[in-house]
Amino acid sequence: MSTERAMVVVGAGECGARAVFELRDAGWTGPITLVGAEDVHPYERPPLSKAVLTGDAAPVPVRDADALREADVEFVAGVAASDIDRDRNELVLADGRRIPYERLLLATGASARRLPLFGVSYLRSQADALALRDRLRPGARVGVIGGGFIGLELAASATARGCAVTVVEAEPRLLSRAVPAEVAAVVADRHEQAGVDVRCGTGVAAVRDRGVLELTTGETLDCDVVVAGVGAVPETALAKNAGLAIDNVENGVRVDDRLRTSDPDIFAAGDCCSFPHPLYGRIRLEAWRNAHDHAVTAARNLLDADEPHTAVPWFWSDQYDLNLQIAGLPDAATSEVVRQRSDGVETRFGLGADGTLLSAAAVGTGNAVAKDVRLAEMLIAARAMPDPASLADPDTALKALLRAAKSTPQPA
Amino acid sequence: MTQWIAACGVDDVDEEDVLPFQHDGVDYAIYRSPDDTFYATAGHCTHERELLCDGLVMDRVIECPKHNGRFDYATGKALGAPALVDLRTYPVKVENDTIYIGV
Ligand SMILES: Cc1cc2nc3c(=O)[nH]c(=O)nc-3n(C[C@H](O)[C@H](O)[C@H](O)COP(=O)(O)OP(=O)(O)OC[C@H]3O[C@@H](n4cnc5c(N)ncnc54)[C@H](O)[C@@H]3O)c2cc1C
């Protein structure tokens, strides 16, 4: 086995697969090993609940197969890492192989949260999506447990395939986690228009044989397919076993603003880690862009760049013809400003107690909301404290507010 | 030979913004830079063919609304992943407050 200094990445998902290319872009010419538990080429997860599930598209690779070879990355697929020997700086694989590392990146992601119920499917991997797609036949009765993003994208895609869909959500409204109520209401209306039976404030008590859902309201629901989207659990077993610090609030692998774990040679990034953000405090995100942004920061810091991670969180979801986007974290805001454009597009801004812009959320058809949410993201990054009246006025260009923010030095 | 097509009036494009234009079933994007010069490029991003007219124009850069691929709209140059292939550009002339593009 090579004794050359090596960079080793565990987890060949969005974050890990991006990180190996970022290492090359940042100038690393030594060996790179990427270890992935899944027996497939790294692929994008967002299409799994959208075009892959409707059957409109094949799974999309993170980067095509030739790219990994051209970047001279040794890709070990279909084997999980089972241990980290921190005394010897070696990653131990389930088949007994040991891979020495100079620096190690944990990009182990998250897995679908399971319910203590039998006969329920989940959607996290490409294999999950392809198996589910085959069962979503026209006319199939589909029970979706959970009215969050995954559950709702699933409901939209199953509807597109001609299924009869019921969504059961325990909270009083859809998307209760991190989406303003008015934005969630637009999404709920669109689902009802499409014929989805949306039942909020309703839990699932049991799944009986043959797909009969027993609801907490006492009703029963006959389903051909039962699938749950009830959140994700970060994959921290490897880190925990190796004695690395785990955050007890966010449950992720605990890292500092350089994405470094409690072991200076080991970093963690993407869905699996809990990290401090200059605007939002300690957070853990489950978002595609974050996985990508973390890959960039982590790769550079693996090579001693010593840079803090400051990117503004950004998230999107597609359901039917609707596109929802969120920049920043609406939960962090204490007041709200609504900007209504003449074409009906409404953006909801969240401000902190000191007037700092902390979030923007909007929903519209096609790419209608993209420009405003992108500008909001730039305003948040610039630590803008926009005048609320100007922010609400569609005749005040967001670009003008951005220019003003950039020319006014903000308190550090 | 260049064929000049009347695309829009000069006031139809805001400063530092982009306007969609269609001719013969082909999409174009027409830009007005902060220094008040007009430019035209192909209408779709070279990455995943998203329409650029919904994107954000900052200075001399257009950013694709879907995956943030960025291009210099004056030269068509792709400015980095995911935008790796340059954007086609078209000549522009202004006559009597009308913008013509050469296709
Ligand atoms: C169906 C679906 C739709 C989504 N849609 C959106 C969306 O519209 N917008 C958005 O912003 N985000 C979306 N997301 C979230 C986004 O895909 C994730 O945030 C992103 O994939 C996180 O990347 P990651 O690399 O951190 O983790 P993952 O992509 O989960 O990758 C982690 C990888 O590590 C592997 N692994 C774990 N443990 C080990 C081990 N011990 N050894 C070896 N390998 C290991 C796993 O098998 C997995 O392949 C969606 C997610 C899903 C599941």
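What you see is a predicted model, and the numbers here were worked out from it, not measured in a lab.

With respect to the overall build of chain A
- In terms of regular secondary structure, chain A is built from eleven helices and 26 strands.
- Along the longest, intermediate and shortest principal axes, the C-alpha atoms of chain A span 65 × 60 × 40 Å.
- Within chain A, buried positions represent 53% of all 412 residues.
- The long-range fraction of contacts in chain A, counting pairs at least 24 apart against all pairs at least 6 apart in sequence, stands at 61%.
- Only carbon and sulfur atoms are counted for the fraction: they give 49% of the accessible area of chain A, which is about 17,500 Å².

Regarding the site of the ligand
Residue and element names in this part refer to chain A.
- In the neighbourhood of the ligand, 31 residues make up the surrounding shell, with Cys15, Glu38, Arg45, Lys50 and Arg124 lying closest.
- One nitrogen or oxygen atom from the main chain of Ala37 is found 3.0 Å from a nitrogen atom belonging to the ligand.
- For the ligand, whose unbound accessible area comes to 1,000 Å², protein coverage reaches 93%.
- Where the shell around the ligand is concerned, the elements lending two or more residues are α1 (14-25), β2 (32-36), α5 (149-160), α8 (288-302) and β22 (314-319).
- For the shell around the ligand, the residue count by class is 16 nonpolar, seven polar and eight charged.
- When residues of the shell around the ligand are sorted by domain, at least three fall in each of domain 1 (6-111 + 232-302) and domain 2 (114-228).

A few points about the confidence of the model for chain B
- Confidence in the prediction of chain B, expressed as mean pLDDT, is 94, and 100% of residues score 70 or more.
- Reported confidence for the predicted complex is 0.87 by ipTM and 0.94 by pTM.

Side note on helix α11 (residues 398-407) of chain A
- For α11 of chain A, every residue scored as buried is listed here: Leu398, Lys399, Leu401, Leu402 and Ala405 of chain A. Buried residues of α11 of chain A, seen end-on, are gathered within an arc of 155° and therefore sit on one face of the element.
- Buried residues along α11 of chain A sit in contact with β24 (335-340), β25 (346-351), α9 (370-381) and α10 (388-392) of chain A together with β5 (56-58) of chain B.

Here we look at α5 of chain A
Residue and element names in this part refer to chain A.
- Helix length check: α5 (twelve residues) gives 16 Å between terminal C-alpha atoms against 16 Å at 1.5 Å per residue, within 8%.
- For α5, the tally of buried residues reaches ten of twelve residues, placing the bulk of the element in the interior.
- Buried within α5 we find Phe149, Gly151, Leu152, Glu153, Leu154, Ala155, Ala156, Ser157, Ala158 and Thr159.
- Of the residues trailing α5, Gly162 is marked for its positive phi of about 90°.

Concerning the interface of chain A and chain B
- The partner chain B presents 13 residues to the twelve residues of chain A that form the contact.
- The largest share of the area that chain A buries against chain B comes from Asn367, Lys371 and Lys399 of chain A, three residues that together contribute 52% of it.
- At the boundary of chain A and chain B, one finds five salt bridges.
- Among the salt bridges present, the one from Asp17 of chain B reaches Lys371 of chain A, with a minimum N-O distance of 3.3 Å.

Details of the nonpolar core
Residues and elements named next belong to chain A.
- Counting 81 residues, the largest nonpolar core has Ile84, Leu91, Leu104 and Leu106 as its most contacted members.
- For this core, the leading source of residues is α8, giving six residues.
- Residues contacting Leu91, with those up to four places away along its chain left out, are Val8, Val10, Val35, Ala81, Asp83, Ile84, Arg97, Arg98, Ile99, Tyr101, Leu104 and Leu238.
- Grouped together as the second largest cluster of nonpolar side chains are 35 residues, Ala155, Val225, Leu322 and Ile326 included.

Digging into the sheet that holds strand β1 (residues 4-9) of chain B
Residue and element names in this part refer to chain B.
- The sheet built from three strands is open, its strands ordered β1-β10-β9 with antiparallel pairing. For this open sheet the edge positions go to β1 and β9 (92-95), each flanked by a neighbour on one side alone. Taking the axes of each pair of neighbouring strands and ignoring which way they run, one obtains an average angle of 30° across the sheet.
- Of the strand pairs in this sheet, β1 and strand β10 (residues 98-102) are connected by five bridges, and their pairing is antiparallel. Bridge pairing in β10 links Ile5 to Ile101.

Re the pattern of salt bridges
- Summed over the entire model, instances satisfying the criterion amount to 40 salt bridges over all chains.
- In this structure, Glu153 of chain A engages Lys50 of chain A in a salt bridge whose closest nitrogen and oxygen atoms are separated by 3.0 Å. With Glu153 of chain A in helix α5 and Lys50 of chain A in the loop between β2 and α2 (51-54), this residue pair connects regions lying 103 residues apart in the sequence.
- Between Arg190 of chain A and Asp321 of chain A there is a salt bridge whose closest N-O contact spans 3.0 Å. A residue pair is termed long-range when its members are at least 10 positions apart, and Arg190 of chain A in helix α6 (residues 181-193) and Asp321 of chain A in the loop between β22 and β23 (322-328) qualify at 131 residues.
- Note on Asp321 of chain A: relative accessible area 40%, which makes it partly exposed.
- Among the charged side chains, a network of salt bridges with common partners joins Arg289, Arg374 and Glu377 of chain A together with Glu63 and Arg70 of chain B.

A short note on a negative patch on the surface
- A cluster of like negative charges, contributed by Asp14, Glu15, Asp35 and Asp59 of chain B, occupies part of the molecular surface.
- With respect to the helices and strands, Asp35 of chain B occurs in the loop between β3 (26-32) and β4 (38-42).

A few points about the packing of α1 of chain A against α8 of chain A
Residue and element names in this part refer to chain A.
- At a minimum axis separation of 8 Å, α1 and α8 run at an interaxial angle of 40°. The angle between the axes of α1 and α8 places the two elements in the oblique class. In the packing of α1 onto α8, the handedness of the crossing is right-handed. The residues of α8 that touch α1, namely those facing Glu14, Cys15, Arg18, Ala19, Glu22 and Leu23, are Trp288, Ala291, His292, His294, Ala295, Val296, Ala299 and Leu302.
- Grouping the amino acids of the contact of α1 with α8 by side-chain chemistry returns nine nonpolar, two polar and three charged.

What about the domain arrangement of chain A?
Residue and element names in this part refer to chain A.
- Each assigned domain of chain A is listed here: domain 1 (6-111 + 232-302), domain 2 (114-228) and domain 3 (321-407).
- Contacts between the two partners involve 19 residues from domain 1, matched on the other side by 15 residues from domain 2.
- Buried area between domain 1 and domain 2, summed over both chains or domains, comes out near 1,400 Å², and the portion from carbon and sulfur atoms is 57%.
- Sorting the residues of domain 1 by area buried against domain 2 places Ser49, Leu53 and Thr54 first, and these three jointly supply 39% of that buried surface.
- Where domain 1 meets domain 2, there are two salt bridges.
- The tally of links from domain 1 across to domain 2 stands at eight residue pairs in polar contact (both at pLDDT 80 or more).
- Listed by contribution, the elements that provide at least two residues to the side of domain 1 that touches domain 2 are α2 and β8 (110-112).
- By residue class, the composition of the side of domain 1 that touches domain 2 is ten nonpolar, four polar and five charged.

Cut-offs applied
Residues numbered from 1 in each chain as written. Chains lettered and ligands numbered in written order. Predicted model: local features only at pLDDT ≥ 70, side-chain atom pairs only at ≥ 80, totals over all residues. Heavy atoms only, no water. Helix = DSSP H or I, 4+ residues; strand = E, 2+ residues; numbered from the N terminus. Buried < 20%, exposed > 50% of the residue type's maximum accessible area, 1.4 Å probe, protein only. Contact = heavy atoms within 4.5 Å. Areas by Shrake-Rupley, 256 points an atom, 1.4 Å probe, with all protein chains shown as cover. Near = heavy atom within 4 Å. Polar contact = N/O pair within 3.5 Å; in protein donor to acceptor, adjacent residues only side chain to side chain. Nonpolar A, V, L, I, M, F, W, Y, C, P; charged D, E, K, R; others polar. Domains from an automatic or database assignment. pLDDT = per-residue confidence, 0-100. Arc of directions from axis to C-beta. Expected span 1.5 Å × (residues − 1). Buried area = accessible area lost by both parts, 1.4 Å probe. Salt bridge = Lys/Arg side-chain N within 4 Å of Asp/Glu carboxyl O. Core = buried A, V, L, I, M, F, W, Y, C linked by side-chain atoms within 4.5 Å. Pairing = 2+ DSSP bridges. Axes fitted to C-alpha atoms, helices over the stretch in contact; angles between N-to-C directions. Patch = residues over 30% accessible without salt bridge, like charges linked within 9 Å, V, L, I, M, F, W, Y side chains within 5 Å. Lys, Arg positive; Asp, Glu negative; His and termini not counted. Charge placed at Lys NZ, Arg CZ, Asp CG, Glu CD. Parallel < 35°, antiparallel > 145°, perpendicular 65-115°, else oblique. Left-handed = near helix turned anticlockwise from the far one by under 90°.

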